[in-house]
Amino acid sequence: MGEITVLPATKKFFQTADTLERSRGVRVAAYCRVSTDEQDQENSYQNQVAYYKQYIADQRDWIFAGIYADDGISGMSTKGRDGFKQMIADAKAGMFDYIITKSISRFTRNTVDGLTIVNELLHQDPPVGVYFQKENLDTMQKGVEFLLTIMTGIAQSESDSTGENITWTIRRKFAAGDPLVNPNRIYGYRKGEDGSWEIDPKQGEAIRFIYEKYREGWASRDIAKDLMDRGVPAPGGKIWYPSTVIQLMKNEKYKGDVQMQKTITVDRKNKICKKNEGEAKSYYIKDHHVPLVSRELWEECNQITKDREAAKLENFKKNRAKPPFKLLNLLHNKDYYKSRNERSVQNFEDERGEGHYYFRREFIRRHSNEEKWYEFALEQSFMEMLYACKEDYETYGDGSDIAMDFNEKYDEAKLNKAPQKELEKMMEEYQNFLKALSELPTITKTGRPLMVNGVNAQGTLMRTVEGYIIPGAYSMVKHGRINVTDDKIQKTPDILTFDRAFAERYFTNMDLIGDEAEYTTRFGVKLKSIRNQRTLNAFMGYRKFDEQGNASLVMEEYQVVLDKPMFREK
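If you're wondering where the values come from, they're calculated on a predicted model, not measured in any experiment.

A. Summary view of the overall build of the protein. The secondary structure content of the protein amounts to 15 helices and 20 strands. Among the 570 residues that make up the protein, the fraction classed as buried is 42%. Taking the contacts inside the protein whose residues are at least 6 apart along the sequence as the reference set, 63% of them involve residues at least 24 apart. With the model as given, the accessible surface of the protein reaches about 33,000 Å², and the carbon-plus-sulfur share is 49%.

B. Just the sheet that holds strand β4 (residues 129–132), in detail. Read from one edge to the other, the open sheet built from five strands follows the order β2-β1-β3-β4-β5, with strand pairing classed as mixed. Strand pairing shows two members of the sheet lacking a second neighbour, β2 (62–71) and β5 (137–138), which therefore form its edges. Judged from the two bridges that link them, β4 and β5 form a sheet pairing that is antiparallel. Bridging from a neighbouring strand, Y131 pairs with D138 of β5. Contacting β1 (26–34), β2 and β3 (98–101), helix α1 (residues 45–58) runs over the sheet at an angle of about 175° to β2. Relative to the sheet, helix α2 (residues 82–92) contacts β1, β2 and β3, its axis offset from that of β2 by approximately 150°.

C. Region of the structure containing the layout of surface pockets. Taken as a whole, the second largest pocket encloses approximately 870 Å³ of empty space. Q380, I495, L496, T497 and F498 are, among the 34 residues lining the second largest pocket, the residues nearest its centre. Looking at the lining of the second largest pocket, the elements with two or more residues in it are β13 (356–366), α10 (375–396) and β18 (543–545). The leading source of residues in the lining of the second largest pocket is α10, at six residues. Of the residues belonging to the lining of the second largest pocket, the class tally is 16 nonpolar, four polar and 14 charged.

D. Molecular detail of the packing of aromatic side chains. Following the criterion strictly, the structure yields 31 aromatic pairs and no others. Pairing F382 with Y519 gives two aromatic rings, centres 5.1 Å apart and planes at 70°, and the pair type is edge-to-face. On the criterion of sequence distance, the pair formed by F382 in helix α10 and Y519 in strand β16 (residues 516–521) is long-range, its members being 137 residues apart. Connected via pairs of aromatic rings, a cluster forms that spans F382, F406, Y410, Y430, F433, F498, F502, Y506, F507, Y519 and F523. Note that R308 overlies the ring of Y214, its terminal NZ or CZ placed 4.4 Å from the centroid. Its end group placed over the ring of F363, R365 keeps NZ or CZ at 5.0 Å from the ring centre.

E. Quick look at the pattern of salt bridges. For the coordinates displayed, the defined rule picks out 36 salt bridges. Across the pair E252 and K253 runs a salt bridge whose closest N-O atoms are separated by 3.3 Å. Here E252 matches K253 in class, with each residue buried. Between R340 and E362 there is a salt bridge whose closest N-O contact spans 4.0 Å. Of this pair, R340 sits in strand β12 (residues 336–344) while E362 sits in strand β13; the two residues are 22 residues apart in sequence, bridging distant segments of the chain. R340 gets classed as exposed once you look at its relative accessible area, which sits at 51%. Residue classification places E362 among the partly exposed positions, given a relative accessible area of 24%. Overlapping salt bridges bring together K326, K338, R340, E362 and E375 as one network.

F. Structural context of a nonpolar patch on the surface. There is a patch of nonpolar side chains on the surface, built from M228, I239 and Y241 and spanning about 290 Å² of accessible area. Tracing the chain through its elements places Y241 in the loop between α7 (220–229) and α8 (242–250).

G. Representation of the sheet that holds β16. Read across the open sheet, the three strands follow the order β15-β16-β17; overall the sheet is antiparallel. Because the sheet does not close on itself, it has two edges, and the strands there are β15 (507–513) and β17 (526–529). For this sheet, the mean inter-axis angle between neighbouring strands, taken without regard to orientation, is 20°.

H. Here's a closer look at the packing of α10 against helix α12 (residues 420–438). It is the contact of α10 with α12, at a shortest axis distance of 10 Å, that shows an interaxial angle of 100°. It follows that α10 is roughly perpendicular to α12 by the angle criterion. Between α10 and α12, the residues in contact are L386, C389, K390, Y393 and E394 and Y430, F433, L434, L437 and S438, respectively. A per-class count over the contact of α10 with α12 returns seven nonpolar, one polar and two charged.

I. Representation of a negative patch on the surface within the structure. A surface patch of negative charge is lined by D401, D405, E408, D411 and E412. Considering the arrangement of structural elements, one finds E412 in helix α11 (residues 401–415). E412 sits in the partly exposed class, given a relative accessible area of 42%.

J. Representation of α7 in the model. Within the sequence span of α7, burial applies to S220, I223, A224 and L227. For α7, the arc enclosing every buried residue in end-on projection is 100°, short of the 170-degree limit, so these residues lie on one face. What points out from α7, more than 90 degrees from its buried face, is the exposed set R221, K225 and D229.

K. A look at α10. The end-to-end C-alpha distance of α10, which contains 22 residues, comes to 32 Å, matching closely the 32 Å that a straight helix rising 1.5 Å per residue would cover. Burial analysis of α10 places 16 of its 22 residues in the buried class, which makes it a mostly covered element. Phi turns positive, to about 55°, at G397, one or two residues after α10.

L. Quick look at the pairing of β3. Side chains Y98 and I100 project from β3 onto one buried face, and the interleaved I99 and T101 project onto a second face that is buried too. Pairing of β1 with β3 involves four bridges; the strand directions are parallel. Following the sheet pairing, V28 is matched in β3 by Y98.

M. Expanded view of the environment of H123. By the element assignment, H123 lies in the loop between α4 (111–122) and β4. Reaching out from H123, the side chain makes a polar contact with the backbone oxygen of N119 at a distance of 2.9 Å.

N. Up close: the environment of V525. Along the chain, V525 turns up in the loop between β16 and β17. In this structure the C-alpha to C-alpha distance between V525 and Y430, which are 95 residues apart in sequence, comes to 9.1 Å. Among residues more than four places away in sequence, those in contact with V525 are I402, D405, F406, K409, Y519 and T520.

Rules used in this analysis
Residues numbered from 1 in each chain as written. Predicted model: local features only at pLDDT ≥ 70, side-chain atom pairs only at ≥ 80, totals over all residues. Heavy atoms only, no water. Helix = DSSP H or I, 4+ residues; strand = E, 2+ residues; numbered from the N terminus. Buried < 20%, exposed > 50% of the residue type's maximum accessible area, 1.4 Å probe, protein only. Contact = heavy atoms within 4.5 Å. Areas by Shrake-Rupley, 256 points an atom, 1.4 Å probe, with all protein chains shown as cover. Pairing = 2+ DSSP bridges. Axes fitted to C-alpha atoms, helices over the stretch in contact; angles between N-to-C directions. 1 Å grid on protein atoms, 1.4 Å probe; cavity = no way out; pocket = protein on both sides within 12 Å on 5 of 7 lines; lining within 4 Å. Points joined across faces, edges and corners; volume = space filled by probe spheres on them. Nonpolar A, V, L, I, M, F, W, Y, C, P; charged D, E, K, R; others polar. Phe/Tyr/Trp six-rings, centres within 6.5 Å; stacked < 30°, edge-to-face > 60°. Lys NZ or Arg CZ within 6 Å of the ring centre and 35° of its normal. Salt bridge = Lys/Arg side-chain N within 4 Å of Asp/Glu carboxyl O. Patch = residues over 30% accessible without salt bridge, like charges linked within 9 Å, V, L, I, M, F, W, Y side chains within 5 Å. Parallel < 35°, antiparallel > 145°, perpendicular 65-115°, else oblique. Lys, Arg positive; Asp, Glu negative; His and termini not counted. Charge placed at Lys NZ, Arg CZ, Asp CG, Glu CD. Arc of directions from axis to C-beta. Expected span 1.5 Å × (residues − 1). Polar contact = N/O pair within 3.5 Å; in protein donor to acceptor, adjacent residues only side chain to side chain.

Okay, here's the thing in structure tokens:
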């Protein structure tokens, strides 16, 4: 038989029956934690650290692997427990074999978190055990998981109960007039030798300055800038912001009062708080401490704040950028969408110099068949429809198309036994529509009659009423071979101003099929517009008026939608 060589073990291997007490040469780390409400010096953070250093050193067969500690941290979750997180990371890296800690509640008070971490450590290779002294539990022992689940649950329950007890105690103190507020944490105050509230001279001067200047009409941003420029320390040593000034302005403590229970805890585990909006009682103590400003000054400044905020809100409501109404708003069909593109303007230059001159063309498109409609053409056709309806009603009255269509709809509603209020609303909408129709302008800026294509004007010198090209006419007009007299200009249709308010007020729906658009009114009658698929070039030769009221013919595509093209520097 050949020579036998003994190969030494290079890894420690623990059977589940092993315990910390029977282990030899085991590397042991300790974990200490003191919660935020811990007051017992015997269990204090420093004492725990010192105890475990000595305790591990006294065990002959243990190897000291370090102390991990968290001071003033709750055990309800691992959030914010940097020492705990580092310990678990080192354990997974194989830097020690055992963790020793005082109790389950020191390690964790959350059942799920605790069991998850213990199992991860126990099933890694090599495993890491945890020994809880108070409960005499060693996670390397068989059958310990069930007992650990129960005890961790008890620890969590105790933590919840303790939290509830603390909340009850605090509220009892509030009710008894004890605000539990540290003056040192309130800008402008400090705690006196007897525990009473004292005014901090420098900070107090800044508070008085804020209130006095605010009453004089200074804006919060101007006050903040002045304090920054003078190097006055801000709360917490931070920057003076306008919001900081407003917060200090609203703090009741500066008039000598204290309000308690301003916030409530909605998630104890994750320490999530919210403003108390009536969910819990609030307590208010008047004249609790020496005020920094008079009650009258405080009230006056806060009223100014309320007035300014109300004015700001009203101004916002009045001037907020509400998107202008578009005919697309009446297309309740996701098959339609809005798009646009840019088109360059060639051979044009004005006082803006060399650069890119362009204008935008806006469309309504359809997904299913790639049809498109110029938004400008839709708006012009809509207005032409209204003017045609106006002329028809003013000419034929009850014999007009809209009157007969309405009477038919109204009789149908009565036959179907529509409620009286519905019939009255229908009639009211119809009457309002006719009134608005009668108020559509019929005179241009120059006092000339408004010319509407298809109503009292039939196309232009260059285009038919439907927008089709008259061969050669554009070139002849542009180069002066057709004399554009004033008489001819007066017969030219005008570019109409789209009445957004009219469309939004009296119409609820639009169906767009090819060249036709059908609009549903609020009183049930449907009106049709035509010539919706005209291009911008179809409006060549239309009449436009500048700001001075001078008339000119549209000779370039951009002139249809703009007086002059947009400009972008090269």
